[in-house]
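# Fold and contact review
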Amino acid sequence: MSKLWGGRFTKQTDQLVEQYTASITFDKAMAEEDIQGSLAHVTMLGKCGILPQDDVETIKEGLHQVMNRIQSGDMNYSVSDEDIHMNIEKTLIDLIGPVGGKLHTGRSRNDQVATDMHLYLRKRVVTFAGLLVQLQEALLKQAKANLDTIVPGYTHLQRAQPILFAHHLMAYVSMFERDIERLTDSYKRINTLPLGAGALAGTTFAIDRHFVAEELGFERVYENSLDAVSDRDFIVEFLSNASLIMMHLSRLCEELVLWSSTEFQFIELDDAFCTGSSIMPQKKNPDVAELVRGKTGRVYGHLVGMLTVLKALPLAYNKDMQEDKEGMLDTVETLDGALRLFAPMVETMKVNRDRMRQAVRQDFSNATDIADFLVNKGMPFRQAHEVIGKTVLYCIEQNKYLLDLSLDEFQQFSPLFDEVIYEVLQPENVVNARNVFGGTASVQVEAAIRRAEQAIVQSNAWLKEKEAANSLK
């Protein structure tokens, strides 16, 4: 069969051009969304009297047959048919005859492909929000199991102040909560229907775009036909949100890699999420964490690539915009793989509480509390800072830690020191002294866990609503 658009042409398309311009190798990932949009479109054509109802029913039955082929893996895709839209339409015509050619009445591939991508991303955003909730739940489980586990907190990768390990994990729960918020907020922009905009100017047929929007579960319809077919902001926004998610995952990956090293020995990752060495039998490598960290750059690249494609495009559609799909689809695959692995990897990791406690007792991360102690005795903070600096220097020279000093040794730096200093310096007391909203004190961390659990309840309610709305009709 000749190309569906070939009437104006006198030559066949060069085979190299066909291969270069075809998108079927990757946009077939949106096959089900393409049929979903076509079913709503042809239903509207019948409702508006643009097509006879008999033709509508024949086309719908044919589309369901094509859907069955796709879902069973029996669909044959052809590069000569360029993209998923033409492949499906050609297959439809082969199945039901020329009446299948009426399906494209009142639409263009420009508004059709935009609709497919909106439908595709709409579902994936809900999936990713759900996977982030699962990751939050895994982190919360570890946090609740480690409410009395104290670990060094770091700045500049130098030990700074002791904190609860649960507090550290809750920082990532907060990060992923922002990611969920960004995804759910972006949903309203993804959930806007471009179909009916035609190639760029609308259509002469008396279509009902709002009916199609209702059929497909879209909350809004693009108000400007030029904008409808040329807008890819929703893809840029998704790639930006995905980049932030991957950045947060990568930061946690870096800590998992460090914590599981011999130098730290704070955690042990489950064997199911590690690999070995081909030459060194003693090795246990945190490959999942390392690969997620590595793939972060891949997602960043797709974001920059998409912005670069769009930066100088005139309205409306241009073939450059075919480049919107591969980066989006690859990001979906990359993010999906990372999130599905991460929750069970976090949930199954073993925490070495004794090693963490040992690390806290063999550093000077409680030094700030001595300064606070002296300030409460009336010493100006800057003077207290100098006193503690000299005290720490003395400890280093004597190969001691602060709790190893006698009271006489303390008092050689300030007569304000008394026996209370030993209570002040206990790691538990250092942690619980930070009893402010958002601090590391156990009561504050417990409160943060409760707030996070409430947020998860709200996220799950949103997920349930959107999953029902996105189910295929």
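First, a word on what this report is: a plain description of the structure on this page. Just so it is clear, the model here is predicted, and its values are computed rather than measured.

Core analysis: the biggest nonpolar cluster contains 88 residues, and L249 and F342 have the highest contact counts within it. Take this core: its biggest share by element is 16 residues, from helix α6 (residues 109–145). Aside from chain neighbours lying at most four places away, what touches F342 is L135, L249, L252, C253, L256 and V292. Ranked by size, the runner-up nonpolar core spans 31 residues in total, among them I35, A40, L51 and I207.

Turning next to the pairing of strand β1 (residues 150–155). The sheet contact formed by β1 and strand β2 (residues 158–164) spans 6 bridges and is antiparallel. By the bridge assignment, T155 is partnered in β2 with Q158. Hairpin connection of β1 to β2: 2 residues between the antiparallel strands, including H156 at a positive phi of 60 degrees.

All right, on to the packing of aromatic side chains then. Applying the stated criterion across every chain, the model contains 10 aromatic pairs. When the centroid spacing of 5.3 Å and the interplanar angle of 65 degrees are considered together, the rings of F165 and W259 count as edge-to-face. Pair noted here: F165 is in helix α7 (residues 165–190) and W259 is in helix α10 (residues 233–259), with a separation of 94 residues, a long-range link. Residues F165 and W259 agree in their burial class; the two are buried. Ring centres 5.3 Å apart and planes at 90 degrees place the aromatic pair F264 and F266 in the edge-to-face group. A relative accessible area of 16% places F264 in the buried class. Exposure remark for F266: the relative accessible area of 1% places this residue in the buried category. Members of the aromatic cluster, joined through ring pairs, are F373, F410, F417 and Y422. The aromatic ring of Y120 is capped on one face by R124, whose charged end is 3.8 Å from the ring centroid.

Time to look at unusual backbone geometry. Only a minority of non-glycine residues have a phi that is not negative, and only a minority of peptide bonds are not trans. With an omega of 10 degrees, the peptide bond between L315 and A316 qualifies as cis. Mapped onto the elements of the fold, A316 is located in the loop between α11 (287–310) and α12 (324–348). Positive phi, normally seen in glycine, also occurs at Q265, with a value near 55 degrees. For Q265, the location among the structural elements is in the loop between α10 and β5 (267–268).

It is the contact of α6 with α7, at a shortest axis distance of 9 Å, that shows an interaxial angle of 165 degrees. Looking at the two axes, α6 sits roughly antiparallel to α7. The hand of the α6/α7 crossing is left-handed. Grouping the constituent residues of the contact of α6 with α7 by class yields 21 nonpolar, 4 polar and 4 charged.

Taken N-terminus to C-terminus, the directions of helix α5 (residues 84–96) and α6 make an angle of 105 degrees; their axes are 10 Å apart at the nearest point. As far as their axial angle goes, α6 and α5 are roughly perpendicular. Of the residues in α6, those touching α5 at I84, H85 and M86 are R109, Q112, V113 and D116. Classifying every residue of the contact of α5 with α6 gives 3 nonpolar, 2 polar and 2 charged.

Calculation notes
- Residues numbered from 1 in each chain as written.
- Predicted model: local features only at pLDDT ≥ 70, side-chain atom pairs only at ≥ 80, totals over all residues.
- Heavy atoms only, no water.
- Core = buried A, V, L, I, M, F, W, Y, C linked by side-chain atoms within 4.5 Å.
- Buried < 20%, exposed > 50% of the residue type's maximum accessible area, 1.4 Å probe, protein only.
- Helix = DSSP H or I, 4+ residues; strand = E, 2+ residues; numbered from the N terminus.
- Contact = heavy atoms within 4.5 Å.
- Pairing = 2+ DSSP bridges.
- Phe/Tyr/Trp six-rings, centres within 6.5 Å; stacked < 30°, edge-to-face > 60°.
- Lys NZ or Arg CZ within 6 Å of the ring centre and 35° of its normal.
- Axes fitted to C-alpha atoms, helices over the stretch in contact; angles between N-to-C directions.
- Parallel < 35°, antiparallel > 145°, perpendicular 65-115°, else oblique.
- Left-handed = near helix turned anticlockwise from the far one by under 90°.
- Nonpolar A, V, L, I, M, F, W, Y, C, P; charged D, E, K, R; others polar.

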